[in-house]
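Okay, here's what each chain looks like letter by letter:
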Amino acid sequence: MTDITSQTEAALAAIAAAASLDALEAERLETLGKKGWVSLALKTLGSMTPEERTAAAPAIQSARASIAEALDAKKAALEAAALEEQLARETVDLTLPAVAAPKGSVHPVSQVMDELAEIFADLGFAVATGPEIEDDWHNFTALNMDETHPARAMHDTFYFPDKTTEGKDVLLRTHTSPVQVRTMLVAAQTSPGGAPVRIIAPGRVYRSDSDATHTPMFHQIEGLVIDRDIHLGHLKWTLETFLKAFFERDDIVLRLRPSYFPFTEPSVEVDVGYANENGRRVVGGSGDAQGHAWMELLGSGMVNARVLEMGGFDPGQWQGFAFGVGVDRLAMLKYGMNDLRAFFDGDPRWLAHYGFSPFDQPTLSAGVGARA
Ligand code: PHE
């Protein structure tokens, strides 16, 4: 009896003195472990007479209970101390400057396309897309350029060696105008009468051409409006409104010249007035001593009746206008680059200089002031 009492006291003292979880575990094995003395003592109860057991059991049970309790308490205390120690050791100095991570930027072409999408969204235009690998029906035929049409020669087209299963030529689209065709065909089927249609179609186009102002791949944005009683006045107002918003100035002056595109009739070439400021062409800027110079900016016109028809619209009921602008050109004019080829060289120094930070502005197109 005294034996168990003194053994228990010794065990409790050892538990209290354990300096680590390992030392505590060793103490547990010595007492409550399979071969620990408490466990062995409990086993002896089985072979006792009932009288002996009644006499011996309480002391052993209470030894087990007090040791188990002491082990649990000490374990919790040691773990808490270990955590405290770890927290103290692993402090982070939040005032230290962070290591700078290399930062990418938004390419001016992406930036300008976002700006255009936002400007035209305000005017009620949706964004439409089409495939870059086209067939010649959508790229030429449905735009009123039949097989022998001389206008096909205006485009230096990249053709694929194989034709479609229906025998159509396959090519890299030479302009975004096939998206007009695809949009009309879908619209004519989905809504009664098909209209109104109000879309822009930004994207890559391809021509076999390469110098300081031409690259084999470049970007265009197409515009198409179809509704009742649409006329050239709507086209002019839309272009003026878009260019004022894009260049962020009110003194944009346009000149409309008669031109020719097979898919528009009449066709209009649009020039914009500009001034030379510090050797740079600045759009708008009227009233300087030399007066305006004119720069050709885009092609446009009223959608040709035959194109409306091939797109599933009755030209007796519906009219439309369309335009196509070079996106890279717009970016160069707004942000002052002079070599188009650098747009697609992927030189990170060029991108660091001309790119835009997506983080400095609430929307991608917050304007020039938000330039990275
Ligand atoms: N698709 C023409 C081009 O690439 C531009 C254009 C589009 C002209 C729409 C008129 C109407 O040159």
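Read on for an overview of the structure.

Observations concerning the side chain of Thr 215
Thinking step 1. Position of Thr 215 relative to the elements: it lies in the loop between β4 (197-206) and β5 (217-227).
Thinking step 2. Note on Thr 215: relative accessible area 7%, which makes it buried.
Thinking step 3. Engagement of the side chain of Thr 215 in a polar contact is seen with the backbone oxygen of Met 217, the distance being 2.6 Å.
Thinking step 4. Residues in contact with Thr 215, not counting those within four places in the same chain, are Arg 207, Asp 209, Leu 340, Arg 341 and Phe 344.

Observations concerning the packing of helix α8 (residues 232-247) against helix α10 (residues 327-335)
Thinking step 1. For the pair α8 and α10, the least separation of the axes is 11 Å and the interaxial angle reads 50°. When the interaxial angle is binned, α8 and α10 end up oblique. From α8, Phe 242, Leu 243, Phe 246 and Phe 247 reach across to α10, where they touch Leu 330, Leu 333 and Lys 334.
Thinking step 2. Taken together, the residues of the contact of α8 with α10 sort by class into six nonpolar, no polar and one charged.

Re the pairing of strand β10 (residues 319-326)
Thinking step 1. Across the eight residues of β10, six count as buried, placing the element largely inside the fold.
Thinking step 2. Note that β5 and β10 share eight bridges and pair antiparallel. Note on β10: the bridge partner recorded for Glu 222 is Gly 324.

As for the pairing of β5
Thinking step 1. With 10 of 11 residues buried, β5 is to be regarded as a mostly interior element.
Thinking step 2. Bridge count between β4 and β5: 10 bridges; the pairing is antiparallel. Note on β5: the bridge partner recorded for Gly 203 is Gln 220.

Describing the site of the ligand
Thinking step 1. As a structural note, the neighbourhood of the ligand is formed by 14 residues, with His 175, Ser 177, Arg 207, Gln 220 and Glu 222 the closest of them.
Thinking step 2. Within the side chain of His 175, an N or O atom sits 2.9 Å from a nitrogen atom of the ligand.
Thinking step 3. Side-chain polar atom of Arg 207 to an oxygen atom of the ligand: 2.9 Å apart, as the coordinates give it.
Thinking step 4. About the coverage of the ligand: the protein hides 91% of its 330 Å² of free accessible area.
Thinking step 5. For the shell around the ligand, the secondary-structure elements that each account for two or more residues are β5, β9 (293-303) and β10.
Thinking step 6. For the shell around the ligand, the leading source of residues is β10, giving three residues.

A few points about helix α7 (residues 178-190)
In an α-helix, one full turn covers 3.6 residues, which means residues spaced three or four apart are oriented alike.
Thinking step 1. The terminal C-alpha atoms of α7 lie 19 Å apart, and with 13 residues this matches the ideal 18 Å at 1.5 Å per residue to within 8%.
Thinking step 2. Buried within α7 we find Pro 178, Val 179, Gln 180, Val 181, Thr 183, Met 184 and Ala 187.

Things to note about the packing of aromatic side chains
Aromatic ring pairs: the centre-centre distance and the angle between the two ring planes describe each pair.
Thinking step 1. On inspection of all chains with the given rule, the structure shows 10 aromatic pairs.
Thinking step 2. Their ring planes at 65° and their centres at 5.0 Å tell us that Phe 120 and Phe 125 sit as a pair that is edge-to-face. In this structure, Phe 120 and Phe 125 share a single accessibility class: buried.
Thinking step 3. Look at Phe 246 and Phe 247: their rings are 4.9 Å apart centre to centre, the planes differ by 75°, and that puts the pair in the edge-to-face class. Per residue, the accessibility class of Phe 246 equals that of Phe 247, and both read buried.

Conventions adopted
- Residue positions are given per chain, counted from 1 along the sequence in the order it is written.
- Whole-chain, interface and lining totals are the exception, using all residues; otherwise, since this is a predicted model, local features are given only for residues with pLDDT of at least 70 and side-chain atom pairs are given and counted only at 80 or more.
- Note: side-chain values were computed over all heavy atoms of the structure, leaving out hydrogens and water.
- Numbering goes from the N terminus for both helices and strands, where a helix is a DSSP run of H or I of at least four residues and a strand is a run of E of at least two.
- Between buried and exposed lies partly exposed: a residue is buried under 20% and exposed over 50% of the maximum accessible area for its type, with that area taken using a 1.4 Å probe on protein chains only.
- We define a polar contact as two N or O atoms separated by no more than 3.5 Å, with the added condition that, inside protein, one atom must be a possible hydrogen donor and the other a possible acceptor, whereas residues neighbouring each other in sequence contribute only through side-chain atom pairs.
- The contact criterion used is simple: two residues touch if any of their non-hydrogen atoms lie within 4.5 Å.
- To define axes, lines are fitted to C-alpha atoms, for helices over the stretch in contact only, and angles between the resulting N-to-C directions are given on a 0 to 180 degree scale.
- An angle counts as roughly parallel when it lies under 35 degrees, as roughly antiparallel when it exceeds 145, as roughly perpendicular when it falls between 65 and 115, and as oblique in every other case.
- When residues are grouped by polarity, Ala, Val, Leu, Ile, Met, Phe, Trp, Tyr, Cys and Pro land in nonpolar, Asp, Glu, Lys and Arg in charged, and all others, Gly among them, in polar.
- Any two strands between which DSSP finds at least two bridges are classified as paired.
- When we say a residue is near a molecule or strand, we mean one of its heavy atoms is within 4 Å of it.
- The Shrake-Rupley method, run with a 1.4 Å probe sphere, supplies the accessible areas, and residue values consider only the shown protein chains as cover.
- Expected helix span is given by 1.5 Å per residue-to-residue step, counting one fewer step than there are residues.
- Here a pair means two rings of Phe, Tyr or Trp (six-membered ring of Trp) with centres within 6.5 Å. Their orientation is stacked below 30 degrees between planes, edge-to-face above 60, and tilted elsewhere.

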